[in-house]
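Notes for the structure review
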Amino acid sequence: MIKIFKSFIFLLFISILFSMKPPPKKTVIFFGDSITQMGMNPGGFILRMNEILAGKGLSGSYNLLDAGVGYDKVYDLYLRMDSDVLAKNPDIVFIWVGVNDVGHKVTGTGTDPEKFDRFYTAIIKKLQEKNIRLVLVTPAVIGERTDETNPQDGDLNYYAKMVKNLGTKYNCPVINMRKNFQDYDLKNNLNNEYKGILTVDGIHPTDKGNQLIADEMMQALLQIK
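Residues numbered from 1 in each chain as written. Predicted model: local features only at pLDDT ≥ 70, side-chain atom pairs only at ≥ 80, totals over all residues. Heavy atoms only, no water.

**Side note on the packing of helix α3 (residues 45–55) against helix α9 (residues 207–222)**
- Contact pair α3 / α9: the axes reach a minimum separation of 8 Å and the direction vectors enclose 55°. As the angle between them shows, α3 and α9 are arranged oblique. Seen along the crossing, α3 lies across α9 with a hand that is right-handed. For the pair α3 and α9, the contacting residues are F45, R48, M49, I52 and L53 in the first and D207, N210, Q211, I213, A214, D215, M217, M218, L221 and L222 in the second.
- A breakdown of the residues in the contact of α3 with α9 according to their chemical character gives ten nonpolar, two polar and three charged. (Axes fitted to C-alpha atoms, helices over the stretch in contact; angles between N-to-C directions. Helix = DSSP H or I, 4+ residues; strand = E, 2+ residues; numbered from the N terminus. Parallel < 35°, antiparallel > 145°, perpendicular 65-115°, else oblique. Left-handed = near helix turned anticlockwise from the far one by under 90°. Contact = heavy atoms within 4.5 Å. Nonpolar A, V, L, I, M, F, W, Y, C, P; charged D, E, K, R; others polar.)

**Considering the pattern of salt bridges**
- Inspection of the entire model under this criterion finds eight salt bridges.
- With a shortest N-O distance of 2.6 Å, D72 and R80 are connected by a salt bridge.
- What makes D72 buried here is its relative accessible area of 7%. (Salt bridge = Lys/Arg side-chain N within 4 Å of Asp/Glu carboxyl O. Buried < 20%, exposed > 50% of the residue type's maximum accessible area, 1.4 Å probe, protein only.)

**Observations concerning the packing of aromatic side chains**
- Under the defined criterion, the tally for this structure stands at eight aromatic pairs.
- With a centroid separation of 6.0 Å and an interplanar angle of 70°, the aromatic rings of F45 and W96 are classed as edge-to-face. Of the two residues, F45 sits in helix α3 while W96 sits in strand β3 (residues 92–96), which places them 51 residues apart along the sequence.
- Taking 5.0 Å as the distance between ring centres and 55° as the angle between the ring planes, the aromatic pair formed by F116 and Y159 counts as tilted. Taken together, the residues span a long stretch of sequence, with F116 in helix α6 (residues 113–129) and Y159 in helix α7 (residues 153–169) at a distance of 43 residues. (Phe/Tyr/Trp six-rings, centres within 6.5 Å; stacked < 30°, edge-to-face > 60°.)

**Some points on the nonpolar core**
- Grouped together as the largest cluster of nonpolar side chains are 59 residues, with contacts concentrated most on F94, I95, Y120, L127, M177 and M217.
- Tallying contributions element by element places α9 first for this core, with seven residues.
- Those residues in contact with F94 that sit more than four places away from it in its chain are V28, I29, F30, F31, V135, V137, I175, M217, A220 and L221. (Core = buried A, V, L, I, M, F, W, Y, C linked by side-chain atoms within 4.5 Å.)

**Re the layout of surface pockets**
- A volume near 170 Å³ is recorded for the largest pocket.
- Every residue along the wall of the largest pocket is listed here: D33, S34, I35, G70, Y71, V99, N100, G103, H104, I142, I203 and H204.
- The set of elements that each furnish at least two residues to the lining of the largest pocket consists of α2 (34–37) and α5 (99–103).
- If you tally residues by element for the lining of the largest pocket, the top one is α5, at three residues.
- Within the lining of the largest pocket, the residues separate by chemical class into five nonpolar, six polar and one charged. (1 Å grid on protein atoms, 1.4 Å probe; cavity = no way out; pocket = protein on both sides within 12 Å on 5 of 7 lines; lining within 4 Å. Points joined across faces, edges and corners; volume = space filled by probe spheres on them.)

**Brief notes about the sheet that holds strand β2 (residues 62–68)**
- Here we have five strands laid out as an open sheet, ordered β2-β1-β3-β4-β5, and parallel in their pairing. Either end of the sheet is taken by a strand with one partner, and the two such strands are β2 and β5 (174–175).
- Two elements, strand β4 (residues 133–137) and β5, share two bridges in a ladder whose sense is parallel. Paired with V137 across the strands is I175, a residue of β5.
- α6 contacts β1 (26–32), β3 and β4 of the sheet and is inclined by roughly 160° relative to β4.
- Strand contacts of α7: β4 and β5, with the helix running at about 160° to β4, the strand carrying the most contacts. (Pairing = 2+ DSSP bridges.)

This is the structure in structure tokens:
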């Protein structure tokens, strides 16, 4: 009887130890173009997110990975989705693409709206089939002028709207990064400059831009349970 009791206590102790084991880290992948690729550079938004997580005592809860490639468009993301995303078994994926699909139209290598929608939809469906939680991010800016005189403003507005519609259709949260950038510029770009407020060149973020991105991404991440 004593041996049975000791065995019971031992098993109880082991079960308590296992119950106290912290849950595994959630793997979070940022899937995009050069803006995302630069997120791991010093001062980049992904590194800033790591700092925010550390400040909240959540470093052990998330593993943030960068899957950004310069010059990529939505078609490129679709082609490398298996190797750069699915192979890493993520729990959460942030999809941020569109600037090159719009910007490269001036050289004839952009993506028309129909193809953008089709490939973006294919990415969403394939990732959701694996039960991966998604956050969609609208393209931000190609030029920071606040009076709608940046050459690609019209297209960016349209592509951002497409991303928002896809979020609604497939039940994905959406970060409206375009609106976030525009709202900030309206308050802070008082001289209507093309660059130098949130971007160094009209596209890629400054320190302030990286902080804005990190804050918006973090807010979305912490809302995913």
